[in-house]
Amino acid sequence: MKLYEFEGHRILAKAGIESPFFIVCSSIDEVKQARKRLKFPIVAKVQVLTGRRGKAGGVKFFTKEKQLLTFAKEHFGQDFMGEKVRFVSLSQKVEIKKEYYMSITYDTVKKLPFLIFSFQGGIDIEEIKKKDPSLIKTFDIDPISGPKDKDLAKFFEQDKTVLADFALRLWDAFSRYDLRLIEVNPIGLTADGYLMAIDAKIILDDAGLLRHRDLDILPKGAISAIPTDREILAKKIDEDDYRGSAGSTFIEFDGDVVVLASGGGASLLVMDSVIDAGGRPANYTEYSGNPPAEKVQKLTKIALDREGLSGCLVAGAVANFTDIYETLRGFIEGLRQVRPKPTYPIVIRRGGPRQEEAYEMIKKVAKREGFDIHLFGPETPISVACQKMVELANDYKIRNPKLES
Amino acid sequence: MAILVDRETRVLIQGITGRSGVQVTSELLDYGTKVVAGVTPGKGGQEVDTVPVFNSVSEAIKTVGEVDVAMVYVPPLSARAAAMEAIEAKIALVHIFVEKMPIFDVACVLSAAQKAGVCVLGPASVGAISPGEGKIGSIGGPAPDNVFSKGPIGVISRSGGMCSELGLLITNSGFGQSTVVGIGGDLIVGTTFSDLLIEFEQDRDTKAVVAFGEVGGSSEIEVARLIEEGKFTKPFIIFLAGKFAEKLPRDTSLGHAGAIVGMESTMAQKIKALRDAGAIVAENFEEIPDLIKKAVG
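Residues numbered from 1 in each chain as written. Chains lettered and ligands numbered in written order. Predicted model: local features only at pLDDT ≥ 70, side-chain atom pairs only at ≥ 80, totals over all residues.

(A) Quick peek at the domain arrangement of chain B. Residues and elements named next belong to chain B. Considered domain by domain, chain B is made up of domain 1 (10-121) and domain 2 (127-296). Every contact between the two is made by 19 residues of domain 1 and, on the other side, 16 residues of domain 2. Mapped by element, the contributors of at least two residues to the side of domain 1 that touches domain 2 are helix 1 (19-31), strand 5 (69-72), helix 4 (103-116) and strand 7 (119-121). The leading source of residues in the side of domain 1 that touches domain 2 is helix 4, at 5 residues. Residue composition of the side of domain 1 that touches domain 2, by class: 15 nonpolar, 3 polar and 1 charged. (Domains from an automatic or database assignment. Contact = placed C-beta atoms within 7 Å. Helix = DSSP H or I, 4+ residues; strand = E, 2+ residues; numbered from the N terminus. Nonpolar A, V, L, I, M, F, W, Y, C, P; charged D, E, K, R; others polar.)

Structure follows, in structure tokens:
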């Protein structure tokens, strides 16, 4: 989970890394109040999850209240680089002598955390890399022992005492709070020789969140800062029940075919195949790891609870250990609760433990209750079943022209 | 021959008394795998399906003798301690089935394993099967013969479901598999595509390898380098999934923790690197059997 800058500063503070004093505002009134507690010049920053907001005009210095308020009014509730702005932070401008770059993340090839450092802070690391790769230095970290003070001092050739101290604190935050990325760009060296985090970018490891229920973090959507109602509901399914997973990843699109995929790999294949066949998925989601029927039922209900649908695709690879009867029983239970009753085609393509039993059950339900369900077993490749779904959905749209609005 | 697992492989299961531990024990015994011991702290002295349960890995080894593989089937936040115990006991291969293991714990386990000279498969790995020989983990579930058959094709996927899916596709087209391995979908994993290709290169039973690649990470680029350096010389067929995701914002994670949009290499970079190196990139999933036929006749 990606964090807002101000949430990042709070985590840095827990490791003793200072930031310029800031106030987070969510309305013009709050900006007016906050500005009284600060001296001009004031730095206003739009709080969004997308990077490079500075370049896009999301970070500005102000010497007068009027301009500051205009800036705030322009952004609150408005779209900024595809994201709705909920917060603007204000802080006092700090005099900086030098700017550095430092981050810690995982090297997926070496399978180790590593620190990235540059004396050229303040600009995007990708740009520094393009300009002159020799300006970037890396330091591999043994995750069990952590970085050693004396090795760090050797690594930073200048300002080594303060930089090694900063790196140790950064590592402390990274390892203590299960972070996937911690990036401070720039780190500012103040006139009195202290280092301050002028910015903070943090990505939490979702698998580690269970250990940090005390962190005060706002819920985030799958691809934007503000989750949709369905995303919130879907995420809650896994929070309430640890068995298997269902709905942890739920991304909404404006298509008309609901996708309930199974498995991390198969779900990607399903989405690609639907799109290649000319279909428009209404969402991306995935359930796997043998979740109980209730979890699939909840996910089904959440995903199908929307208008303008022309199909529902339940597809996954041949399961190894997921009980297909249980999960499809969950799907059917969920389907029954959807109002109005779905009349669009439903394509199911599954295989694995108890699949045949599950299909017998579904055939009976479909006949008795009048659902348009098309069943495909493991002999039909996933991609072919996805093509079938798109054909059926297109037919349905032709028969129900008012869907095309 | 095959890789990772054969008829003689001796297995220990950590978390054997849990729901999935009990299930996998019976599946492995049915397949003929030698499950020689189980471990659940506090439950020593019990039995699961005739397999003796011990309180610790060291106690188990003292009683039943050396084992080749430890399988970790415990809750996510206990996985680190369990895997560390197996590594300390120098068990040659530690298979971590556990999903949703925090990445920091994974890094610690892999670092300790490397120092101890222990191999790790996973986390979130469904396991490995050498059809007709043996299996570790939950691959193929209770009925592996429905999808897997003995033959000359090595199979690698991050995803457990796609291991079975590819197995079935290959079986139905008249070929079989030497070994099928699910490496797990996490950001960092103990055994990579490249590690397995080096093993498959040595394996006389493997004539070609089929892999299922995904958006995010750079394991496919590593593979391309390996082929270019001449360290893998057999036909390599790969299908890449997750094109749709490249339109999503950077850092969006999908079903697999390691499938992160914009992370390291793009799909186009992967395809180019693989093709330049001489790998066969499948455009459609269902054309894989034809590509195998062309490659190994």
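Back to the text.
(B) Spotlight on the interface of chain A and chain B. With 50 residues of chain A at the interface, the matching set in chain B holds 57 residues. Breaking the side of chain A that touches chain B down by element, the ones donating at least two residues are strand 8 (112-118), helix 8 (264-276), strand 15 (283-288), strand 16 (311-318) and helix 12 (382-399) of chain A. Among the elements that make up the side of chain A that touches chain B, the one with the highest residue count is helix 8 of chain A (9 residues). Residues belonging to the side of chain A that touches chain B are distributed by class as follows: 26 nonpolar, 15 polar and 9 charged.

(C) View of the environment of His75(A). Residues and elements named next belong to chain A. Turning to its location among the elements, His75 is positioned in helix 3 (residues 65-75). A tally of 21 C-beta atoms within 10 Å means that His75 is categorised as buried. Remark: the alpha-carbon pair of His75 and Gln47, spanning 28 residues in sequence, is separated by 9.9 Å. Each residue touching His75, except ones within four places of it in the same chain, is listed here: Val46, Phe80, Val85 and Val88. (Buried ≥ 20, exposed ≤ 12 C-beta atoms within 10 Å, placed from the backbone.)

(D) Expanded view of the pairing of strand 17 (residues 346-351) of chain A. Residue and element names in this part refer to chain A. Along strand 17, 6 of the 6 residues are buried, which leaves the element largely enclosed by surrounding structure. Residues Ile346, Ile348 and Arg350 point to one face of strand 17 and Val347, Arg349 and Gly351 to the other, with burial holding for every one of them. Here 5 bridges tie strand 16 to strand 17, and the two strands are oriented parallel to one another. Bridge pairing in strand 17 links Ala315 to Arg349. Once you follow strand 16 into helix 10 (residues 324-336) and on to strand 17, the crossover reads as right-handed. (Pairing = 2+ DSSP bridges. Right-handed = clockwise from strand over helix to strand, strands pointing away.)

(E) A look at the sheet that holds strand 3 (residues 59-62) of chain A. All names here are of chain A. Read across the sheet, 4 strands follow the order 1-6-2-3 without closing on themselves; strand pairing throughout is antiparallel. If you trace the sheet from one side to the other, it starts and ends with strand 1 (22-25) and strand 3, each paired once. Here the strands of the sheet are splayed against their neighbours by 25° on average, with no regard to which way each runs. By the bridge criterion, 6 bridges tie strand 2 (residues 42-47) to strand 6 (residues 87-92) in an arrangement that is antiparallel. Looking at strand 6, one finds that Gln47 is bridged to Phe87. Each of strand 2, strand 3 and strand 6 is contacted by helix 3, which is oriented at about 0° to strand 2, the strand it contacts most. (Axes fitted to C-alpha atoms, helices over the stretch in contact; angles between N-to-C directions.)

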